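# Structural overview for review
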There are 2 protein chains.
Amino acid sequence: MNAWVGTILRVDLAAKTVVKEPLNIKDAHDYVGARGLGTKYFCDEVDPKVEPLSAGNKLIYMTGPLTGTAATSGGRFEVVAKSPLTGTIGAANSGGYFGPELKYAGYDGIIFENASESPVYLYIKDDVVELRDASALWGKSVFETTDLLKEECGSSFKISCIGVPAENGCLFSGVLNDKHRAAGRGGLGAVMGSKKLKAVAVRGTGAVTVARPEKFLDALTNARKTLKAHPVGGSGLAALGTQVLVNIINESGALPTRNWRDGAYFPEANETGGESLAEKYLVKNKGCFACSIDCARVTRVPDGPFKSSGEGPEYEAGWAYGADCGVSDLAAICKANFLCNEHGIDPITMGATIACAMELYEMGAIPESDIGFPLRFGDPHAIVKLTEAVGRFEGFGKILALGSYRLAEKYGHPELSMSVKKQEMPAYDGRAIQGMALEYATSNRGACHVRGYLTSPEILGVPIKVDPFVTEGKAGLLKLFQDLTALIDSTGICLFTTFGLGLQEIAAQYREAVGTDETDDEILLKGERVWNLEKHFNIAAGVEKDTLPPRLLREKLPGGPAAGKVAELYVMLDEYYKVRGWDSDGVPTPEKNVELGIDA
Amino acid sequence: MNAWVGTILRVDLAAKTVVKEPLNIKDAHDYVGARGLGTKYFCDEVDPKVEPLSAGNKLIYMTGPLTGTAATSGGRFEVVAKSPLTGTIGAANSGGYFGPELKYAGYDGIIFENASESPVYLYIKDDVVELRDASALWGKSVFETTDLLKEECGSSFKISCIGVPAENGCLFSGVLNDKHRAAGRGGLGAVMGSKKLKAVAVRGTGAVTVARPEKFLDALTNARKTLKAHPVGGSGLAALGTQVLVNIINESGALPTRNWRDGAYFPEANETGGESLAEKYLVKNKGCFACSIDCARVTRVPDGPFKSSGEGPEYEAGWAYGADCGVSDLAAICKANFLCNEHGIDPITMGATIACAMELYEMGAIPESDIGFPLRFGDPHAIVKLTEAVGRFEGFGKILALGSYRLAEKYGHPELSMSVKKQEMPAYDGRAIQGMALEYATSNRGACHVRGYLTSPEILGVPIKVDPFVTEGKAGLLKLFQDLTALIDSTGICLFTTFGLGLQEIAAQYREAVGTDETDDEILLKGERVWNLEKHFNIAAGVEKDTLPPRLLREKLPGGPAAGKVAELYVMLDEYYKVRGWDSDGVPTPEKNVELGIDA
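My aim in this report is to walk through the structure given alongside it, one point at a time. (Residues numbered from 1 in each chain as written. Chains lettered and ligands numbered in written order. Predicted model: local features only at pLDDT ≥ 70, side-chain atom pairs only at ≥ 80, totals over all residues. Heavy atoms only, no water.)

## Structural notes on the sheet that holds strand β6 (residues 109-113) of chain A
Residues and elements named next belong to chain A. Taken together, 6 strands build an open sheet; the order of strands is β2-β1-β6-β3-β4-β5 and the sheet is mixed. In the strand order of this sheet, the two ends are held by β2 (17-22) and β5 (89-94), each with one partner. Averaged over all adjacent pairs, the angle separating strand axes in this sheet is 20°, with direction ignored. As judged from the 4 bridges shared by strand β3 (residues 59-63) and β6, these two strands associate in the antiparallel manner. Note that in β6 the partner of I60 across the bridge is I111. Helix α2 (residues 34-45) contacts β1 (7-12), β2, β3, β4 (77-82), β5 and β6 of the sheet and is inclined by roughly 150° relative to β3. (Pairing = 2+ DSSP bridges. Helix = DSSP H or I, 4+ residues; strand = E, 2+ residues; numbered from the N terminus. Axes fitted to C-alpha atoms, helices over the stretch in contact; angles between N-to-C directions. Contact = heavy atoms within 4.5 Å.)

See below:
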């Protein structure tokens, strides 16, 4: 076997058993790995109607065939479960060093079944795999847990774990590894918490082989060269990190401001952007396994009320705490973001939920007594205090911990949750970037920017520039981006390589690593298969229709380059379903299922 | 015993038993009768969390002490159950002749418990009370059922029954009596249908006595004189029926148009108003038992595609099918309204649900294939076809039969249901009449115009004129109207008498009929007690917070006298909770409970 190592760990948390079973190689061929293969295992084994926080849900870690190889940024893995936030298939991708380490220990993935009665963690050192007591870790933060486990197991172990919010059912708690890397969205941390599984600690000393080493090296060298030569993937991201986007998106009139209430232009945006971050707080760049981009930032606020240090913020986190909360204090934004990693929560949903609470408070729908203080837009202390409250699972934090949809519904205004399928939209206004509107509406895990990132062509002009205000043709473009993303997420390569690479370079690396002669199109079809499988799961789970918050459909942008625009969703959606080969309700047709080899 | 006859029928539909039990006279004293007393019995006997269409729900018919007396318009009774539309306490009031007849047979009310396995109806002829097989009536319309039962039991019997939608769980099906009178809102017909109770047929030959006949006659004479002298209650309503409001409300810029999407002015309103109705289709006026107002209209469309005859439409029904659906063809409106009575459904929710479907269709959210034809605003044939589809419970009618909230939610836009607590708002725009906004938000049975009709002071100037755009003071005014309405609904007198009468005249009739020396204020307090009891039930049932559809809170009226206005709900709501003696979450305080003598 090449690229895949050939073994899956199946861990029954109730029976406390660990079984090693051979990888289903047919499925690995059809669904590649990581996101695709994890989802395939999940869909074959779990009832789509399962209650996400019940023992019937499963939690799957899955690497891709290129994870742990020398492929461009090939260190990714996926965590898969039914999401308690959205009720959709939940699949979240993470970088760092955990995924490669798991493969070096000899495992492509881990399937966690049922729930333990008391806290445990999974210890993996090559062949030795055992469930160990984690009572002493329960109640500890991500950082504390990581440090304690490295002390207990050895400093070379890679740790994936959850924080206190996840233990308590926070619907946007993530699964974090290497302290700062997160399988962040959709609340998969809460699934892990519901199983009383605090962590996985892994150390591997084996290797991953590829099928055709010389050709693989050629493909790799070519890809690296192409990536390095690209202005975004080669130098732009390295220079300023993802926060480089703040001014670009703001000047495009697409930076949603104050819970999307006040349009999409934030006058103080520059104070919160990548340039300011580099100037004031950047310590150094940092990269994941086998990465040449090094988009991560090690940052430090040296003094003042928000003195703190950590990593980030990424662009979306910086926006959620910044423009979305009307906050221009970058130190507060940094600190709030650090807290998210420390406690293992998704900063996009966290910031957006605070923004939603701010709007509800300002309109009078949340009484001050419920919060404990006046919660107005622009308050830098509020974003830190409330993130801490969720991190410690205290007071109003317990309500915020369910995300903006449940918050807004509780206070009578579900329409003020800026979410799709109950997951918060990130930092791009679909009124100013029409393709993003369609992306949010159709994403299989709720609103998301990494499930078909049309901001790339519509704003950045990568790989080609298209008009962000035009709706025609966006459906076809989105399908391509969604399928390609599903493929990349399944290989173990980082999506950010697409700021330079295309299908050709990705497919070439995959081909030589696993030893196949499939064409680029045949390989891309695997991405489409993954997308359709996810959609089938969601339909069977009874997930709500594809749509957008009413604000995007009816409240015109008040100013900026996109003044007067709303999201023209339904014209694009009609076309999208046709392009996908789905019926007018968005259900894949029998012909499409046959084409993709999906039993439905 | 005076005014109350002193006996309640308790019918177990599962065991097929009928028990006569003495009226709880203490409760009758505290909660008066009809709406208040029916609710009191209900709250004492039923778990607020009961599933409304399960056998655990109960269905109560209750008359008031003044029902069947010579009191002004004293022919009303109430049907009480937990509403399947709203999940709130459901209480719907009806006129006609059924209520008095029930009292003449010797019963203040009927409590239906559990569910029958096969269709039955309750036969009441004075002392003879029995459940009879209704298999032959199942599947029949309200009109057919009424005719068949009169044939079977005798033409002097009064019939209360349900139609086919109610048999099938239509969430806005009503309980109809005398063919055209309806306990219409909240889907109480579906509760009756879920119990397989098709009808109640009653004939009574007894009498109702009052405590102090001479003083009662004085009170009555005075009230009649006052009512007759009033321009609205004395002649306005008689002349043009409730449809007289169409032009008045439209000229106030408060007639919601096309699912409230296009503001609150309908240029073709006059074609659908009371003047046009009188000129084109009115056959004659008609009144209920003991009524001097005669607001009902017998109407006939003599020819054309909408040839039909029946009664109505009332103002709210005419609006729902008219301005709300953008339809100006009065013949189509009449026919659609006739169909509602024939099939036993609430025309407000029916019309508003079609309007909602029209907006969803026009924006692209409902595919044409689901409906069967293009559903555009302004189509007179559509309102008739879709009402028939619900009446026969066929095709798209099965989806519409769940009301606009479930419809809009199904198609991804719950915010486009113009409803509060899932019941559709009637024909007054709360942006142009601020008090109505507060009324809709706080009504204990979901949006409603007959739970504190502030249009009366704000637009009609009855009893005094107040500014419809002002928010200050509306909370106190609304509390008074709500409490007074709860009192009147509980006495058995018709609410429409308040277009002329006030507390003084109502209290005087009540006092002499039941023989009490309570002051006007003490009598009004009973209304407040009823209101608070309803609120307690809703809180225990877990009903959602008091609020309004986002459209009213954020979409400014585009033109007319109220241009630029939104509903200033939350400032009024704060004040309202204070005036009510409730806490800031809208929960009655312990002090208020003690004052009203409510155990909570």
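## Details of unusual backbone geometry
Residues V462(A) and P463(A) are joined by a peptide bond in cis, for which omega reads 0°. Positive phi is not limited to glycine here, since V32(A) has a value of about 70°. By the secondary structure assignment, V32(A) is in the loop between α1 (25-31) and α2. Judged by its relative accessible area of 1%, V32(A) is buried. Within the chain, K421(B) stands out as a residue other than glycine whose phi angle is a positive 55°. Within the fold, K421(B) resides in the loop between β16 (419-420) and β17 (423-424). (Buried < 20%, exposed > 50% of the residue type's maximum accessible area, 1.4 Å probe, protein only.)

## Thoughts on the relation of the copies chain B and chain A
There are two copies of the chain, and a rotation about an axis plus a shift along that axis relates them. Least-squares fitting of chain B to chain A yields an RMSD of 0.0 Å, with the transformation described by 0.1 Å of translation along the axis and a rotation of 180°. The symmetry that links the two subunits is that of a two-fold axis. In terms of C-alpha distance to the rotation axis, chain B has E415(B) as its closest residue, with the C-alpha 3.2 Å off the axis. When the interface residues of chain B are mapped onto chain A, 100% of them again lie at the interface, so the same face is used by both copies. (Least-squares fit on C-alpha atoms with pLDDT ≥ 70 in both.)

## Some words on the environment of F306(A)
Residues and elements named next belong to chain A. Mapped onto the secondary structure, F306 falls in the loop between β14 (296-301) and β15 (308-311). Taking the C-alpha atoms as reference points, F306 and L330, 24 residues apart in sequence, are found 9.4 Å from one another. Discounting residues that sit within four places of it in the chain, F306 has contacts with V301, D329, A331, A332, K335, P380, H381 and V384.

## With respect to the environment of A336(B)
Residues and elements named next belong to chain B. Mapped onto the elements, A336 comes out in helix α12 (residues 330-343). Among the residues examined, A336 registers a relative accessible area of 0% and is labelled buried. Once the C-alpha coordinates of A336 and P347 are considered, the two residues, 11 residues apart in sequence, prove to be 8.3 Å apart. Not counting chain neighbours up to four residues away, the residues in contact with A336 comprise Y321, I383, V384 and T387.

## Describing the packing of helix α21 (residues 503-514) of chain B against helix α22 (residues 520-541) of chain B
Residue and element names in this part refer to chain B. Their axes nearest at 10 Å, the elements α21 and α22 cross at an angle of 90°. Here α22 runs roughly perpendicular to α21, going by the angle between their axes. In this structure, α21 uses L503, Q504, A507, Y510 and R511 to contact α22, whose residues at the interface are D520, I523, L524 and K526. Its residues placed into classes, the contact of α21 with α22 shows 5 nonpolar, 1 polar and 3 charged. (Parallel < 35°, antiparallel > 145°, perpendicular 65-115°, else oblique. Nonpolar A, V, L, I, M, F, W, Y, C, P; charged D, E, K, R; others polar.)

## With respect to the packing of aromatic side chains
Residue and element names in this part refer to chain A. For the structure shown, the criterion picks out 32 aromatic pairs over all chains. Taken together through their ring pairs, the aromatic side chains of Y315, Y428, Y453, F496 and F499 make up a single cluster. One residue, K179, lies across the ring of F143, its end atom 5.6 Å from the ring centre. The lysine or arginine in question, K422, covers the ring of Y405, its NZ or CZ lying 4.9 Å from the ring centre. (Phe/Tyr/Trp six-rings, centres within 6.5 Å; stacked < 30°, edge-to-face > 60°. Lys NZ or Arg CZ within 6 Å of the ring centre and 35° of its normal.)

## Overview of the interface of chain B and chain A
Counting from both sides, the interface comprises 23 residues of chain B and, opposite them, 23 residues of chain A. Interface of chain B and chain A: buried area, both sides summed, is about 1,700 Å²; carbon and sulfur atoms make up 53% of it. The salt bridge partner of E555(B) is R554(A), with a shortest N-O separation of 3.7 Å. Remark: the boundary between chain B and chain A carries 6 residue pairs in polar contact (both at pLDDT 80 or more). Those elements giving two or more residues to the side of chain B that touches chain A turn out to be α14 (368-371) and α23 (550-554) of chain B. Residue classes in the side of chain B that touches chain A are distributed as 9 nonpolar, 6 polar and 8 charged. (Buried area = accessible area lost by both parts, 1.4 Å probe. Salt bridge = Lys/Arg side-chain N within 4 Å of Asp/Glu carboxyl O. Polar contact = N/O pair within 3.5 Å; in protein donor to acceptor, adjacent residues only side chain to side chain.)

## Observations regarding the pairing of strand β9 (residues 158-161) of chain A
Residue and element names in this part refer to chain A. Judged by which residues are buried, β9 turns out to be covered on both faces: K158 and S160 on one side and I159 and C161 on the other are all buried. With 4 bridges connecting them, β9 and strand β12 (residues 197-203) associate as antiparallel partners. Counterpart to S160 in the pairing with β12 is V200. In this structure, β9 lies alongside strand β10 (residues 175-177), joined through 2 bridges in antiparallel fashion. Along β10, the bridge assignment pairs C161 with L176.

## Details of α21(B)
Note that an α-helix has 3.6 residues per turn; residues three or four places apart therefore point the same way. Residues and elements named next belong to chain B. In this model α21 runs 16 Å from its N-terminal to its C-terminal C-alpha over 12 residues, within 8% of the 16 Å that 1.5 Å per residue would give. Next to the buried residues of α21 lie α1 (25-31), α7 (213-229), α20 (474-491) and α22. One or two positions beyond α21, positive phi appears at G515, with a value near 75°. (Expected span 1.5 Å × (residues − 1).)

## Regarding helix α21 (residues 474-491) of chain A
Residue and element names in this part refer to chain A. An ideal rise of 1.5 Å per residue puts 26 Å on 18 residues; α21 measures up with 26 Å between its terminal C-alpha atoms. Taken across its 18 residues, α21 has 16 buried, putting it largely inside the fold. Immediately downstream of α21, the backbone of G492 shows phi near 105°, a positive value.

## Structural notes on the packing of helix α7 (residues 213-229) of chain A against helix α22 (residues 503-514) of chain A
Residues and elements named next belong to chain A. The contact between α7 and α22 brings their axes to 8 Å, and the two run at 160°. Comparing the axis directions of α7 and α22 gives the class roughly antiparallel. Here the hand of the crossing between α7 and α22 comes out left-handed. Across the interface between the two elements, K215, F216, A219, L220, N222, A223 and T226 of α7 pack against E505, A508, Q509, E512 and A513 of α22. Residue classes in the contact of α7 with α22 are distributed as 6 nonpolar, 3 polar and 3 charged. (Left-handed = near helix turned anticlockwise from the far one by under 90°.)

Interpretation in functional terms is not warranted from these geometric data alone.
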